Amino acid sequence: MAEKLIAKKDLVELLNSLARAGKTLVAPVEEGGFFVFRKVEDAKDAAVGPGIKPRFSFKEFLFPKSEAILRYRITHDGLEVEDVERKPEELVIFGARPCDAASLRVLDLLFTKDYTDPFYASRRERTTVISVACLEPLAECFCTSVGLSPDATAGADILLTEISPDSFLVDILTEKGKRLFEGKEALLKDTDKTRNEVIEAAKKKMQRKANLSATRDVVMRAFERKDLWGALGLRCLQCGLCAFVCPTCHCFDIVDEGTATCGVRRKNWDSCGFEMCTLHTSGHNPRPSQSERCRQRLMHKFSYFAQRFGVTMCVGCGRCGMLCPVGIDIYEGAVGAASAEPEGVSK
Amino acid sequence: MSENIYMPSLVTITEITDETPDVRTLKLVFEDERLRTSFTFMPGQFGEYSVVGVGECPFCISSSPTKKGYFECTFKAMGKVTTALRDMEVGDTIGFRGPYGNHFPVDALVGKNIVFIGGGIGMAPVRSLIEYCLDQRDRFAKIFILNGARSIDDLVYKAQMKEWAARSDIQCVKTVDALKEGQTWDGEVGVVPKILEKFAPSAENAVAIVCGPPIMIKFTLISLQKLGFSTDNVITTLENKMKCGLGKCGRCNVGPYYVCKDGPVFTAAQLSALPQEF
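Bear in mind the structure is a predicted one, so any value in this text is a computation, not a measurement.

S.K.: Describe in detail the side chain of A:Arg287, supporting the description with residues and values.
M.R.: Inspection of the secondary structure assignment puts A:Arg287 in the loop between strand E12 (262-269) and helix H9 (290-309). Of note is the side chain of A:Arg287, whose polar atom sits 3.0 Å from the side chain of B:Asn253. Discounting chain neighbours no more than four positions away, the residues touching A:Arg287 are A:Thr278, A:Glu292, A:Arg293, A:Gln296, B:Gly250, B:Arg251, B:Asn253 and B:Glu277.

Encoded structure:
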């Protein structure tokens, strides 16, 4: 479909009319010194300009940090277990970065293949994602290294590209995207402009340019590379930050919370970086030290998930490396694992 | 509303058997009458058992699907949930999700000699398959059972062992690592691999099913190799910490494989090709 043009003020008005019609807008806003996705009343509050990378992706709107998956009650009549209601809001995510939107490709495969996680799936079904092409890649960014680009469309329903200070190019990618413009098609103007030029310029600004998109077998061969994993394990503090800021990390725990007579069972975010994640009750741990746990995170992203689902699990947002308190950078790790074995290192 | 894959069905404990001081077998019956007849599984599959309010834990179904109307699990009281489960009584209700995972390749066992080897609580999945085979005895050739434990007290399924030993169409051996002073015992004394080599079941047209603690598995695989078993004909089960049992929660993987979905049953040949992280 040829791209259209929309005036920013018209887009804001359109989004606000959707909000008035009952949809919930979610967009980056500044809070406490950085940007985070929040529900917003007015689309003009959305911070979607170039170079703005929210601290977290919008993952938690589809896969919350903690959610009840059932309720229980123990009465004189016995045990009752009840399903929890799933009637999620209709969400419009405005201002997703293309890398974050691409994380949905990963989460969709994980949560809806074989067995469908109804909590994720019901929210996903009611979510429309409007990405904004990324014209100012940041130092930590490496989307092009994992087969994506500043205008990647995976996971998005609409891709916007800021083409002038007061207008966006609009690329409607899916039926869901189309529905947002239903009855408002007149706001979309014909244009002969394309995003090619600005996207090429953005790609040129990308500082990290490895090729990590087809490395699943190469990376796997680095499994026994103690030089790589040992060093990571010594630095890692086991804080879990990398998993929590990651758009695609999806490990979760299941715990019961409540009293002896009533409560809920919850799904909570977890991390493969935590010792407890794999510790058996017997004391045995298949990943006994932090080195194996650091290896697991990298291997899962660049090899295991790809072996299983055919897609690299890392979208190249660079958050984990940028925010890690001890500077562990998954990009450097993956580049190291994908490169030839250093001489003199025994397997 | 879409189906909630995390919802357990309620099952009632109808019988409790103390196998050892810390291992129990629970006989379980679905509260939902339709499930009592429609529930099916295969030997080797597992479930998530929950003491609601405490949590869930995964272990195999230890009875055979040929026994209808109920199923059993055998567990050792080790952590929070299994301890709470141990404290349950006949008539109490627990949650169950399953069956999950793959199963023993029962069709490939037809016509074969089968060597069953279990150590400690590892006998639980083996028992499911033994009963399955015994209930269709003529489909399988020779059956050899070796059940080992640290001590006489720790030997599970003593009642079943008695029944199996009484049959003329099975060779049934029990062994303990050591006897306490003054104990009398009508079985073998010695670790499982040693006793296996003593009885030396033939590898000819045979498949070995081995479940037990990692250290036992390690040395039993060596013994089986000595006896001529190829790694394709040695089948075992892996255990890893699990939460969902459905391939979502991300902790039971060994390399790209999830023990909960691709396992828990693997051949020794498959295991040797995996990253050694289990």
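S.K.: Before we move on, could you go through the side chain of A:Arg86 and cite the residues and values that matter?
M.R.: One can find A:Arg86 in the loop between strand E5 (78-83) and strand E6 (91-96). Residue A:Arg86 is classed as buried on the basis of its relative accessible area of 7%. A polar contact is formed between the side chain of A:Arg86 and the backbone oxygen of B:Ser2, at a distance of 2.4 Å. Here A:Arg86 is in contact with A:Pro118, A:Phe119, A:Ser122, B:Met1, B:Ser2, B:Glu3 and B:Asn4, once residues within four sequence places are set aside.

S.K.: Give a detailed account of the interface of chain A and chain B, specifying residues and quantitative values.
M.R.: Counting residues at the interface gives 49 residues for chain A, matched by 43 residues for chain B. When the two sides are added together, the surface that chain A and chain B hide from each other amounts to roughly 3,800 Å², 57% of it contributed by carbon and sulfur. It is A:Leu79, A:Tyr115 and A:Arg308 in chain A that bury the most area against chain B; as a group they hold 18% of the surface buried on that side. Run the count over chain A and chain B and you get seven salt bridges. For A:Asp253, the salt bridge is made with B:Lys243, and the minimal N-O distance between the two is 3.1 Å. At the boundary of chain A and chain B, one finds 28 residue pairs in polar contact (both at pLDDT 80 or more).

S.K.: So, the sheet that holds strand E11 (residues 206-211) of chain B: which residues are in play, and what are the values?
M.R.: Residue and element names in this part refer to chain B. One open sheet accounts for seven strands, arranged E10-E9-E8-E7-E11-E12-E15; its pairing is mixed. Only two strands of the sheet have a single partner each, and these edge strands are strand E10 (188-189) and strand E15 (265-267). Of the pairings in the sheet, the one linking E11 to strand E12 (residues 234-237) comprises three bridges and is parallel in character. Within the sheet, the bridge partner assigned to Ile209 lies in E12 and is Ile235. Along the sheet, helix H7 (residues 214-226) contacts strand E7 (113-119), E11 and E12; its crossing angle with E11, the most-contacted strand, is approximately 165°.

S.K.: An account of the pairing of E12(A) is requested, with residue identities and associated values reported.
M.R.: All names here are of chain A. Burial runs high along E12: six of the eight residues are buried. Judged from the seven bridges that link them, strand E4 (residues 66-75) and E12 form a sheet pairing that is antiparallel. Each residue of the ladder has a partner; that of Leu70, found in E12, is Arg265. Across seven bridges, the pairing between strand E11 (residues 252-258) and E12 is antiparallel. Each residue of the ladder has a partner; that of Asp256, found in E12, is Arg265. Hairpin connection from E11 to E12: three residues lie between these consecutive antiparallel strands.

S.K.: Explain helix H7 (residues 226-235) of chain A to me, and be specific about the residues and the numbers.
M.R.: Residues and elements named next belong to chain A. Looking only at H7, the buried set comprises Leu228, Trp229, Leu232 and Gly233. The buried residues of H7 all sit within an arc of 115° when viewed along its axis, so they share a single face. Residues Lys226 and Leu234 are exposed on H7 and point more than 90 degrees away from its buried face. Packing partners of the buried residues in H7 comprise H9 and helix H11 (330-338).

S.K.: Account for the confidence of the model for chain A, with residues named and values stated.
M.R.: Residue and element names in this part refer to chain A. On average, residues of chain A score 94 in pLDDT, and 97% of them reach the 70 mark or higher. Ranking the elements of chain A by mean pLDDT puts helix H6 (residues 216-220) last with 89 and strand E7 (residues 127-132) first with 98. A low-confidence stretch, residues 343-347 (pLDDT under 50), is modelled with four contacts involving residues beyond four sequence positions or located in other chains.

S.K.: How would you explain a nonpolar patch on the surface if you had to name every residue and give the values?
M.R.: Taken together, the side chains of B:Ile215, B:Phe219 and B:Ile222 define a hydrophobic patch exposed on the protein surface, amounting to about 280 Å² of accessible area. By secondary structure assignment, the location of B:Phe219 is in helix H7.

S.K.: Can you break down the packing of aromatic side chains residue by residue, with the values?
M.R.: Here a ring pair, both rings aromatic, is described through the centre-centre distance and the interplanar angle of the planes. According to the stated counting rule, one finds 25 aromatic pairs over all chains in the structure shown. When the centroid spacing of 4.9 Å and the interplanar angle of 50° are considered together, the rings of A:Phe142 and A:Tyr331 count as tilted. One end of the pair, A:Phe142, is in the loop between E7 and strand E8 (158-164); the other, A:Tyr331, is in helix H11, and 189 residues separate them in sequence. Cluster of aromatic residues (ring-pair linked, three or more members): A:Phe63, A:Phe111, A:Phe119, A:Tyr120, A:Phe244, A:Phe252, A:Trp269, A:Phe274 and B:Tyr6. Of note, A:Lys267 hangs over the ring of A:Phe252, and the distance from its end group to the ring centre comes to 5.1 Å. Of note, B:Lys27 hangs over the ring of B:Tyr70, and the distance from its end group to the ring centre comes to 4.3 Å.

S.K.: Break down the environment of B:Leu238 for me, citing the residues and quoting the values.
M.R.: Residues and elements named next belong to chain B. In this structure, Leu238 sits in the loop between E12 and strand E13 (253-254). On a C-alpha basis, the gap between Leu238 and Pro213 in space is 9.8 Å, while along the polypeptide they are 25 residues apart. Not counting residues within four places of it along the chain, the set of residues in contact with Leu238 comprises Val254, Val259, Pro264, Phe266, Leu271 and Phe278.

S.K.: Talk me through the sheet that holds strand E5 (residues 71-76) of chain B; I want residue IDs and the actual numbers.
M.R.: Picture the strands of a sheet paired through backbone hydrogen bonds; they go either parallel or antiparallel. All names here are of chain B. Spatial ordering of the open sheet is given by E4-E3-E6-E1-E2-E5, a layout of six strands whose pairing is antiparallel. Among the strands making up the open sheet, the edge pair consists of strand E4 (55-60) and E5. Between one strand axis and the next, the sheet turns through 40° on average, direction left out of account. Two strands pair when backbone bridges link them, and strand E1 (residues 9-18) and strand E2 (residues 23-30) are joined in this way by seven bridges, in the antiparallel orientation. In the sheet register, Asp18 faces E2, and the bridge partner there is Arg24. Seen against the sheet, helix H4 (residues 123-134) touches E2, E4 and E5 and runs at an angle of roughly 160° to E5.

Cut-offs used in this document
Residues numbered from 1 in each chain as written. Chains lettered and ligands numbered in written order. Predicted model: local features only at pLDDT ≥ 70, side-chain atom pairs only at ≥ 80, totals over all residues. Heavy atoms only, no water. Helix = DSSP H or I, 4+ residues; strand = E, 2+ residues; numbered from the N terminus. Polar contact = N/O pair within 3.5 Å; in protein donor to acceptor, adjacent residues only side chain to side chain. Contact = heavy atoms within 4.5 Å. Buried < 20%, exposed > 50% of the residue type's maximum accessible area, 1.4 Å probe, protein only. Buried area = accessible area lost by both parts, 1.4 Å probe. Salt bridge = Lys/Arg side-chain N within 4 Å of Asp/Glu carboxyl O. Pairing = 2+ DSSP bridges. Axes fitted to C-alpha atoms, helices over the stretch in contact; angles between N-to-C directions. Arc of directions from axis to C-beta. pLDDT = per-residue confidence, 0-100. Patch = residues over 30% accessible without salt bridge, like charges linked within 9 Å, V, L, I, M, F, W, Y side chains within 5 Å. Areas by Shrake-Rupley, 256 points an atom, 1.4 Å probe, with all protein chains shown as cover. Phe/Tyr/Trp six-rings, centres within 6.5 Å; stacked < 30°, edge-to-face > 60°. Lys NZ or Arg CZ within 6 Å of the ring centre and 35° of its normal.

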